[in-house]
Amino acid sequence: QVQLVESGGGLVQTGGSLRLSCAASGLSFSNYAMGWLRQAPGKGREFVAAIDWSDNTKYADSVKGRFTISRDNAKNTVYLQMDSLKPEDTAVYYCAARYEPAMVVPTIPNAYNDWGQGTQVTVSS
């Protein structure tokens, strides 16, 4: 079965940086599109960034220019580099996977089939 394990969350001040990692197992990683989504208290889950098997990427407008998604197919790992963090970035961040051998970058949360347990990111003002 697919297992996704996030790490790298924590507490950071406004303007700081964090790098999230998601280690995947139980899947043919190079055939999967991978995404990062987040959920703030009292809000629904929202798309942050995603990457397909050929390294095509998409970002939410709110994080463009500040966040960078990347993947290492040899390590079955996807990363989210978060720079210039703002208090409104505070949320639980989830790694998600979708079997997608085509060059498709899913941006809708319901498009993903497998999810990690989440990692908390808190940005203090």
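Okay, so let's go over this structure. The model shown is predicted, which means the values in this text are computed figures rather than measured ones.

A separate point is the nonpolar core. Membership of the largest hydrophobic core comes to 35 residues, with the highest contact counts inside it found for Met34, Trp36, Val78, Leu80, Met82 and Tyr93. Of all elements in the fold, only strand E3 (18-25), strand E4 (32-39), strand E5 (45-51), strand E7 (67-72), strand E8 (77-82), strand E9 (91-99) and strand E11 (119-124) reach the threshold of two or more residues within this core.

Right, let's get into the sheet that holds E7. Judged by pairing direction, the sheet is antiparallel, and its 4 strands sit side by side in the order E1-E3-E8-E7 without closing on themselves. At either end of the open sheet lies a strand with only one pairing partner, and these are strand E1 (3-7) and E7. Taken pair by pair, the neighbouring strands of this sheet meet at an average axis angle of 15 degrees, ignoring direction.

A few words on the side chain of Glu6. Summarising the element assignment, Glu6 is placed in strand E1. Engagement of the side chain of Glu6 in a polar contact is seen with the backbone nitrogen of Cys95, the distance being 2.8 Å. One polar contact links the side chain of Glu6 to the main-chain amide nitrogen of Gly118, over a distance of 3.0 Å. Not counting chain neighbours up to four residues away, the residues in contact with Glu6 comprise Ser21, Cys22, Trp36, Tyr93, Tyr94, Cys95, Gly116, Gln117, Gly118 and Thr119.

Next up on the list: the pairing of E5. Across the 7 residues that make up E5, a large majority, 5, are buried. Two strands pair when backbone bridges link them, and E4 and E5 are joined in this way by 6 bridges, in the antiparallel orientation. By the bridge assignment, Gly35 is partnered in E5 with Ala50. The antiparallel pairing of E4 with E5 creates a hairpin that spans 5 residues between the two strands, and Gly42 there sits at a positive phi of about 75 degrees. Two elements, E5 and strand E6 (residues 57-59), share 3 bridges in a ladder whose sense is antiparallel. Bridge assignment links Ala49 to a residue of E6, and that residue is Tyr59. In textbook terms, the turn of a hairpin is the stretch between consecutive antiparallel strands, and for E5 and E6 this stretch comprises 5 residues, one of which, Asp55, has a positive phi near 75 degrees.

All told, the structure shown has 5 salt bridges when counted by the stated rule. For Arg38, the salt bridge goes to Glu46, with nearest N and O atoms at 2.6 Å. A relative accessible area of 6% means that Arg38 is categorised as buried. Through salt bridges with shared partners, a single ionic network connects Arg38, Glu46, Arg66 and Asp89.

The rules behind these values
- Numbers given for residues are sequential positions, taken from 1 along each chain in its written order.
- Per-residue local features are limited, in this predicted model, to residues with pLDDT of at least 70; the limit for side-chain atom pairs, both in listing and counting, is 80 or more; totals at the level of whole chains, interfaces and linings are taken over all residues.
- Excluded from the side-chain calculations are hydrogens and water; all other atoms, namely the structure's heavy atoms, are used.
- For this analysis, a nonpolar core means a set of buried residues of the types Ala, Val, Leu, Ile, Met, Phe, Trp, Tyr and Cys, connected via side-chain atoms within 4.5 Å.
- Residue exposure (1.4 Å probe, protein chains only): buried if accessible area is under 20% of the type maximum, exposed if over 50%, otherwise partly exposed.
- Working definition: helices are DSSP H or I runs of at least four residues, strands are E runs of at least two. Numbering for both runs from the N terminus.
- Pairing between strands requires that DSSP locate at least two bridges from one strand to the other.
- Simply put, an axis is a line fit to the C-alpha atoms, just over the touching stretch for a helix, and the angle between two N-to-C directions goes from 0 to 180 degrees.
- Polar contact is the term for a pair of N or O atoms within 3.5 Å; when the atoms are in protein, one must be able to donate a hydrogen and the other to accept it, and sequence-neighboring residues count only if both atoms are side-chain atoms.
- Every residue pair with non-hydrogen atoms within 4.5 Å of one another is taken to be in contact.
- Throughout this description, the term salt bridge denotes a Lys or Arg side-chain nitrogen within 4 Å of a carboxyl oxygen of Asp or Glu.

Keep in mind these numbers describe shape, not what the thing actually does.
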